[in-house]
There are 2 protein chains.
Amino acid sequence: MSKGLPDRSNDFSAWYTQVVNRAGLADHGPVKGTMVIKPYGYQLWENIRDVFDKMIKETGHVNAYFPLFIPKSFLAKEAEHVEGFAKECAVVTHTRLKSDPEKGIVVDPESELEEEIIVRPTSETVIWSMYKKWIQSYRDLPVLINQWANVVRWEMRTRLFLRTSEFLWQEGHTAHATSEEAEKETLDILELYRQLAEDYLAIPVITGLKTDSEKFAGAERTYCIEAMMGDKRALQAGTSHNLGQNFAKAFDVTFQTQDNKEELVWATSWGVSTRLIGAIILTHGDDKGLRLPPKIAPIQLVIIPITKSEDQVNELKAYLEPITKNLKESGIRMHEDWTNNSPGFKFNEWEMKGVPLRMEVGPRDVKEQKVVLVKRDGKEKLFMSKNNILDPIQKLLKDIQSDLFDRARDFRDSNTHRVKDYNEFKSVISRGGFVRCGWNGNPETEASIKEETKATIRCIPFNEEPKGLSCIFSGEEAKHEVVFAKAY
Amino acid sequence: MSKGLPDRSNDFSAWYTQVVNRAGLADHGPVKGTMVIKPYGYQLWENIRDVFDKMIKETGHVNAYFPLFIPKSFLAKEAEHVEGFAKECAVVTHTRLKSDPEKGIVVDPESELEEEIIVRPTSETVIWSMYKKWIQSYRDLPVLINQWANVVRWEMRTRLFLRTSEFLWQEGHTAHATSEEAEKETLDILELYRQLAEDYLAIPVITGLKTDSEKFAGAERTYCIEAMMGDKRALQAGTSHNLGQNFAKAFDVTFQTQDNKEELVWATSWGVSTRLIGAIILTHGDDKGLRLPPKIAPIQLVIIPITKSEDQVNELKAYLEPITKNLKESGIRMHEDWTNNSPGFKFNEWEMKGVPLRMEVGPRDVKEQKVVLVKRDGKEKLFMSKNNILDPIQKLLKDIQSDLFDRARDFRDSNTHRVKDYNEFKSVISRGGFVRCGWNGNPETEASIKEETKATIRCIPFNEEPKGLSCIFSGEEAKHEVVFAKAY
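Residues numbered from 1 in each chain as written. Chains lettered and ligands numbered in written order. Predicted model: local features only at pLDDT ≥ 70, side-chain atom pairs only at ≥ 80, totals over all residues.

Within chain A one finds 14 helices and 25 strands. Computed over C-alpha atoms, the radius of gyration of chain A comes to 26 Å, within 12% of the 23 Å expected from 2.2 N^0.38 for 488 residues, which places it in the range of a compact globule. By its C-alpha atoms, chain A is 80 × 70 × 60 Å across when sized along the principal axes. Within the span of chain A, comprising 488 residues, buried residues form 49% of the whole. Here the analysis covers contacts within chain A between residues at least 6 apart in sequence; of these, 69% occur between residues at least 24 apart. (Helix = DSSP H or I, 4+ residues; strand = E, 2+ residues; numbered from the N terminus. Rg over C-alpha atoms; globule rule 2.2 N^0.38 Å. Buried ≥ 20, exposed ≤ 12 C-beta atoms within 10 Å, placed from the backbone. Contact = placed C-beta atoms within 7 Å.)

Printed below as a string of structure tokens:
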């Protein structure tokens, strides 16, 4: 048996680090703050990517690819944007190395660039510089482009999947003829993010609007999906921005309207990243490790043969062959573990890796023409006839998927509080959890609360009911009902 | 009608540039030498990627993701490797921008990195630094990892798809217990590259070994697939490297063998890139623009309604609906062009974009319950009953696929020459084409020929027959039969 994980309730952060490591999801790269996504973690990302890629293609979006490198001057064209990203930029200044007799390989000073280049932290600027070339008339609109790419934001305090200097994401960048159309796009995408999170990752989310102090640098409005992690902290899982005409202004992108006027183009941008893998771990993980929602699990069913001798191996392989053939053809993602480790070791390992369903098959099962199924969560052994196995497995996977969601939703709801005063607010925040309460709409209030409690407004939820509420901090009439929490 | 393309036979290079532009494949990015892959070009890349991704997964490979950033010192660990890449590296030296009252946004000198970072030109070094952590025993081998990623090589003279500062590719990096296994992997992958090129891209290739002067910086042996472009120049379309123990040595990666010895690990690496899109254009393009092999064409069939009035539009839409439904369900990738442009304009546009098959449908076809099909290549109109359309279309697409291949193979073969002496060699090379001839195996011979004619040895083909040949340059007995050509 492998050693246990750190106690989740005691040291959630150490537990997280160990799960990422022992489930084989990721590793630290050699340059500080960078991440290696290992094959098992990358398969998870591929599954998430494929789901969302299908969603956006079905709604008329297309993929493209824009350069990694952005001229420094571009970043500076939108004032808020550069303010938001200047402090965490990787800057390319030279283009050549050379041998130095004393110091070995050094940067060739003669290769210094005239204008420094920024490694993209996000691609609004480079993309809108292209849209200027591509958009002339209303007939060129809308432009509904997405890209799957790596981006770099220099982070000092990093944690695998949650905050790394480089991460993978999709970034959508759309261009529209009207403000209304841009707003609709922003909200339509948010709804796709909600579906991705809830229906596939089994992560319940709150949808809503970010306050001005939390919105994207360069956006008019940022919408988000916010989730509660297993330690009751919030995690921003995806954002969709209505950029108004800010980037069109910065890059002078106008179009000729149907009635022959010249107008600035309206923009949106939106992204989810490999951070979603962190969200899955933090939402569903337990004392035995990872738990993966079947819909996106790289392996949905692991088969553990229980054998003692070589003869049994051959017998079991023959017995399993038609079973696995049937399952594979039905699209079940499965893996047979024929390594020499003990069954107990294997059970632990695949539980650590979060595989939803385990099948055990030994000589007695062959005799009885049965297999044994065990859910990742349960101890109960489910015996079934080998001839009627597909339906029960599909049913079990479906149940596991919805159980994970229900459990996470119940956890979130039972840790979401309404409070009667600021003292209770502080007490809840310090214990952990979401607080739904009134806010007077003042950024200074928000800043004071953050200063005192480290809690931030996660969003103004779409289903807010501000009527009759007073601001938790000032006691004034509430302008909004908001969700406060400490966040990742 | 759109203006014609530059004359292919006169200015192949201008023709290429125009096709890339007018087919909507790619554009230049703002930083010199960078490329924007536009949606139509990116769909092509997605289709190529999906084909090859399936091939490698079926042969036991898995995807992962390694960091973009490599410490400068890593690149220097393998002597030949740094030699090969030092002259074209993007170097990150700072991590922050700041506002300067006089100069605007400047690089913050206080953010200078202690050790400079290289933007990966290829990932052997960063990956082998990780393999050192992951590989201890023969039980950890083989490691069969691939990644889809962007890489950067600073190029002074760039051309879209063929040579850009940043490009997309896959890079496989495998680790093995024996030299034989590594060699087998190198050759197995080369065979997959051959299949990808010939069976999907319809590009005939020569498979063979690179000479020492043309091999990958850090490899023991480089195998390649080489193709002939429409201007009779060669293009290296993919390479597979047997790296021996060079990177294991550089990063001290050893493993415990089954009989308890400590040995260095054996390595391979292999890659194909967005350059393949350039190869498709250069191989199949003609005076009307692009021609795409149906198996990887984003659009296999374009439907052009021939209408005069709104009434006809509705009638045609109703007529087409069951037809397109049937085709879509059968997996035909299709597009209906309902824009207001004239049929002639549309014909030209979709020919420029290389769509293999066009369907024309007008009021008379509705009356006769027919549709008209026209191949990208042909003028002939094929009339068919609307009730029996799927089989003929599938047959036509298959024919177009094999016709493209046959035509390219015939072109290559008829431009591949055997020559009697060096004078004839020079004359063929200056006119354009491949020369198969003897070579004494001497790198100086190779260098002299390159100096005089600009032709390089593209490869020592697997089917070489050196017996009885003499070296085209020295007249000595030939060590190898090789393929010479001027190359991209």
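Residues and elements named next belong to chain A. The five strands are arranged E18-E17-E19-E20-E21 in an open sheet whose pairing can be described as mixed. Because the sheet does not close on itself, it has two edges, and the strands there are strand E18 (334-336) and strand E21 (382-385). Across the sheet, the mean angle from the axis of one strand to that of its neighbour is 25 degrees, orientation sign disregarded. Sheet analysis places strand E17 (residues 301-305) next to E18, joined by three bridges and oriented parallel. Paired with Ile303 across the bridge in E18 is Glu336. Running over the sheet, helix H9 (residues 310-329) touches E17, E18 and strand E19 (357-361) and is turned about 170 degrees from E18. (Pairing = 2+ DSSP bridges. Axes fitted to C-alpha atoms, helices over the stretch in contact; angles between N-to-C directions.)

The interface is formed by 53 residues belonging to chain A together with 52 residues belonging to chain B. Broken down by element, the side of chain A that touches chain B gets its largest block of residues, four residues, from strand E5 (residues 91-94) of chain A. Residues that form the side of chain A that touches chain B fall into these classes: 35 nonpolar, nine polar and nine charged. Pairing analysis gives three bridges linking E5 of chain A to strand E5 (residues 91-94) of chain B, with the strands arranged antiparallel. Each residue of the ladder has a partner; that of Val91 of chain A, found in E5 of chain B, is His94 of chain B. (Nonpolar A, V, L, I, M, F, W, Y, C, P; charged D, E, K, R; others polar.)

All right, on to H9 of chain A then. Residue and element names in this part refer to chain A. With 20 residues, H9 ought to run about 28 Å at 1.5 Å a step, and its terminal C-alpha atoms sit 28 Å apart, in line with that. Leu320 marks the point of greatest bend in H9, at about 35 degrees, and the proline Pro322 comes within the next four residues. Looking one or two residues beyond H9, the residue adopting positive phi is Gly331, at roughly 85 degrees. (Expected span 1.5 Å × (residues − 1). Bend = angle between axes of the 7 residues up to and from the residue.)

Domain parsing of chain A yields domain 1 (12-284), domain 2 (301-396) and domain 3 (418-485). On a C-alpha basis, the centres of domain 2 of chain A and domain 3 of chain A stand 50 Å from each other. (Domains from an automatic or database assignment.)

On to the relation of the copies chain A and chain B. Turning chain A through 180 degrees and shifting it by 0.0 Å along the axis lays it on chain B, with an RMSD of 0.0 Å. What we have between these two chains is a two-fold relation. Considering only C-alpha atoms, the part of chain A nearest the rotation axis is Val92 of chain A, at 2.1 Å. Comparing interface residues between copies, 98% of those in chain A also lie at the interface in chain B; the contact surface is shared. (Least-squares fit on C-alpha atoms with pLDDT ≥ 70 in both.)

Below, the discussion takes up the pairing of strand E9 (residues 143-152) of chain A. Residues and elements named next belong to chain A. Two elements, strand E3 (residues 62-63) and E9, share two bridges in a ladder whose sense is parallel. Across the sheet, the residue bridging to Val62 is Ile145, located in E9. Two strands pair when backbone bridges link them, and E9 and strand E10 (residues 166-176) are joined in this way by ten bridges, in the antiparallel orientation. By the bridge assignment, Ile145 is partnered in E10 with His173.

The next thing to look at is the environment of Phe473 of chain B. All names here are of chain B. Tracing the backbone through its elements, the reader meets Phe473 in the loop between strand E24 (456-461) and strand E25 (480-485). Owing to 19 C-beta atoms within 10 Å, Phe473 belongs among the partly exposed residues under this scheme. Phe473 sits 299 residues away from Thr174 along the chain, and the two C-alpha atoms are 39 Å apart. Dropping the residues within four chain positions of it, Phe473 is found in contact with Tyr422, Thr445, Ser448 and Ile449.

We now examine the packing of helix H2 (residues 39-58) of chain B against helix H6 (residues 179-200) of chain B. All names here are of chain B. As a packed pair, H2 and H6 sit with axes 11 Å apart at the nearest point and diverge in direction by 145 degrees. Between H2 and H6 lies a crossing of right-handed hand. Contacts from Val51, Phe52, Met55 and Ile56 in H2 reach Leu192, Leu196 and Tyr200 in H6. By residue class, the composition of the contact of H2 with H6 is seven nonpolar, no polar and no charged. (Left-handed = near helix turned anticlockwise from the far one by under 90°.)

Parts of the prediction with low pLDDT should not have their coordinates interpreted in detail. Counting all residues, the mean pLDDT for chain A is 96, and 100% of those residues have values of 70 or more. In the predicted complex, the global pTM is 0.97; the interface-specific ipTM is 0.97. (pLDDT = per-residue confidence, 0-100.)

A sheet is described by the order of its strands in space; here six strands give the open sequence E4(A)-E8(A)-E5(A)-E5(B)-E8(B)-E4(B), paired in antiparallel fashion. Each edge of the sheet is formed by a strand with only one pairing partner; in this case those strands are strand E4 (69-71) of chain A together with strand E4 (69-71) of chain B. For this sheet the average axis-to-axis angle between neighbouring strands, irrespective of direction, equals 45 degrees. Looking at chain direction, E4 of chain B and strand E8 (residues 112-119) of chain B are connected through three bridges and run antiparallel. Bridge pairing links Pro71 of chain B to Ile117 of chain B in E8 of chain B.

All names here are of chain B. With respect to the secondary-structure elements, Asp188 resides in helix H6. Here Asp188 falls in the partly exposed class, since 14 other C-beta atoms lie within 10 Å of it. As for Asp188 and Thr445, which are separated by 257 residues in sequence, their C-alpha atoms are 31 Å apart.

For the rest of this paragraph, the subject is the pairing of E21 of chain A. Residues and elements named next belong to chain A. Two strands pair when backbone bridges link them, and strand E20 (residues 370-375) and E21 are joined in this way by four bridges, in the antiparallel orientation. In the sheet register, Lys370 faces E21, and the bridge partner there is Ser385. Between E20 and E21, which pair antiparallel in sequence order, lie six residues.

The element helix H8 (residues 275-284) of chain A is largely enclosed, with a buried count of ten among its ten residues. Taken as a whole, H8 of chain A has its buried residues at Arg275, Leu276, Ile277, Gly278, Ala279, Ile280, Ile281, Leu282, Thr283 and His284 of chain A.

Of the consecutive residues Leu141 of chain A and Pro142 of chain A, the connecting peptide bond is found in the cis state with omega at -5 degrees. Within the fold, Pro142 of chain A resides in the loop between helix H5 (124-134) and E9. Unusually for a residue other than glycine, Lys454 of chain A sits at a positive phi of about 70 degrees. Non-glycine residue Ala202 of chain B carries a positive phi angle of around 60 degrees. By the element assignment, Ala202 of chain B lies in the loop between H6 and strand E11 (206-209). Taking the number of C-beta atoms within 10 Å as the measure of exposure, Ala202 of chain B has 26 and is therefore buried.

So, on to the environment of Gly438 of chain B. Residues and elements named next belong to chain B. In this fold, Gly438 is placed in strand E23 (residues 434-439). A count of 25 C-beta atoms within 10 Å places Gly438 in the buried class. C-alpha of Gly438 to C-alpha of Leu5: the two residues are 433 residues apart in sequence and 40 Å apart in space.

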